[in-house]
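# Coordinates in review
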Amino acid sequence: MTVTALGLPMPRAAVPGGMPSEGPLLDTHGRAATDLRVSLTDRCNLRCTYCMPAEGLNWLPGEDLLSTAELTRLLEIAITRLGITNVRFTGGEPLLSKHLEDVIAAAAALTPRPEIALTTNGVSLARRAKRLKDAGLNRVNVSLDTVDPNRFAHITRRDRLSDVLDGLAAAAEVGLTPVKVNAVLDAATGLDDAVELLRFCLGHDYQLRIIEQMPLDADQHWRREETLSAEQILAALRRHFDLQPDSAPRGSAPAQLWRVDGGPATVGVIASVSEAFCAACDRTRLTADGQVRSCLFSADETDLRMLLRSGADDDAIEAAWRGAMWAKPAGHGINDPDFIQPARPMSAIGG
Ligand code: SAM
Ligand code: SF4
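Residues numbered from 1 in each chain as written. Chains lettered and ligands numbered in written order. Predicted model: local features only at pLDDT ≥ 70, side-chain atom pairs only at ≥ 80, totals over all residues. Heavy atoms only, no water.

Turning to the layout of surface pockets, a few remarks are in order. For the second largest pocket, the calculated volume is near 260 Å³. In terms of lining residues, the second largest pocket is bounded by 15 residues, among which Thr49, Tyr50, Gln213, His221 and Glu226 are the most central. Grouping the constituent residues of the lining of the second largest pocket by class yields six nonpolar, four polar and five charged. (1 Å grid on protein atoms, 1.4 Å probe; cavity = no way out; pocket = protein on both sides within 12 Å on 5 of 7 lines; lining within 4 Å. Points joined across faces, edges and corners; volume = space filled by probe spheres on them. Nonpolar A, V, L, I, M, F, W, Y, C, P; charged D, E, K, R; others polar.)

Written as structure tokens, this is what we have:
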């Protein structure tokens, strides 16, 4: 990818003419958003150190959250008018949302039927995996940063590793496959954790994705020099495994895939900070309180909840969503000297 001296992706040529009122959900840099991330709640039953403080956050008031009917209407606009083909439910912890199965079923009933995925910490996945599958969920990403019980309790501030492992097994059992494991590594123990996690995932046929830590923690404690880079992670894995670049085209996928010990198993490393992939970004985001964000790092939000509750028609909501995405910045700017961390933390945006 071509990047500027500041590490931002080089903007592609601006789309000629004004903002289109139909067709793909475009921005001025020529990217089309086809992947919608929907946050269902900002609450969580874990307290991962890189995400939330021990005492939690000031949760969004219940009346601010989109109802099932409101969210269903936005999903229909996204899929039937804006060209969204993939929907991922996230949070906070999406399994804390009681209407998860209902909104999955609503999304699955739309034409064209989107691919539906879930990002979860897995704590309460075991008892819901079958219901989620029956509602129309296609697959899951389960976040797991270590398979060591003490380190898990240290990182998440909760002693729930065995529940997460049960959740992973249940997901595989009911066919929410391929089961992916997302890991954000601890600066002190993460390189050892990565090696053990990869052994664990190879043994269970889960696909490991390791993500560089980003400046999206609620405490705003992120310091680049205190995080592990993709390069460090790969070097640590190479001491134990043979890694060769996977030949499959990467497209807009954020993970660079490596074939492990000759394959077919792969491990993905997502270098969100050290090698931004913003130029290929195909995402649009909807927060649990109905705000569209064009990027995790957006300074701006577009209030669709207000439009929904003031009686706006589908044309007006579509136009507002298109306008939000049209203004999508070229890149996240983490590597700019004047980078400012967004006010909303990852858990309230939807990771
Ligand atoms: N609670 C669910 C979970 O943990 O999977 C869904 C929400 S969580 C915010 C989504 C993903 O964001 C998780 O994989 C988590 O590890 C990741 N995440 C959280 N804070 C992060 C940060 N500061 N940098 C990079 N990834 C982060
Ligand atoms: Fe909760 Fe997910 Fe944040 Fe961990 S990363 S505190 S599980 S929202």
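Under the local residue numbering, the UniProt record ascribes the feature "binding site: [4Fe-4S] cluster 2" (unreviewed entry) to Cys278, Cys281 and Cys295. Sequence-wise these annotated residues cover 18 residues; spatially they are packed, their C-alpha atoms never more than 9.3 Å apart. Positionally, Cys278 belongs in the loop between β11 (266-270) and β12 (283-286). Here Cys278 falls in the buried class, since its relative accessible area comes to 11%. Tracing the backbone shows Cys295 in the loop between β13 (291-293) and β14 (302-303). (UniProt positions renumbered as here; feature names shortened; annotations may be inferred. Helix = DSSP H or I, 4+ residues; strand = E, 2+ residues; numbered from the N terminus. Buried < 20%, exposed > 50% of the residue type's maximum accessible area, 1.4 Å probe, protein only.)

Taken together, 17 residues sit near ligand 1, with Gly92, Glu93, Thr120, Ser143 and Met214 positioned nearest. Glu93 has a polar side-chain atom sitting 3.1 Å from a nitrogen atom of ligand 1. Between ligand 1 and the protein, one listed contact pairs an oxygen atom with a backbone N or O atom of Thr120 at 3.2 Å. Its free accessible area being 540 Å², ligand 1 has 95% of it covered by the protein chains. (Near = heavy atom within 4 Å. Polar contact = N/O pair within 3.5 Å; in protein donor to acceptor, adjacent residues only side chain to side chain. Areas by Shrake-Rupley, 256 points an atom, 1.4 Å probe, with all protein chains shown as cover.)

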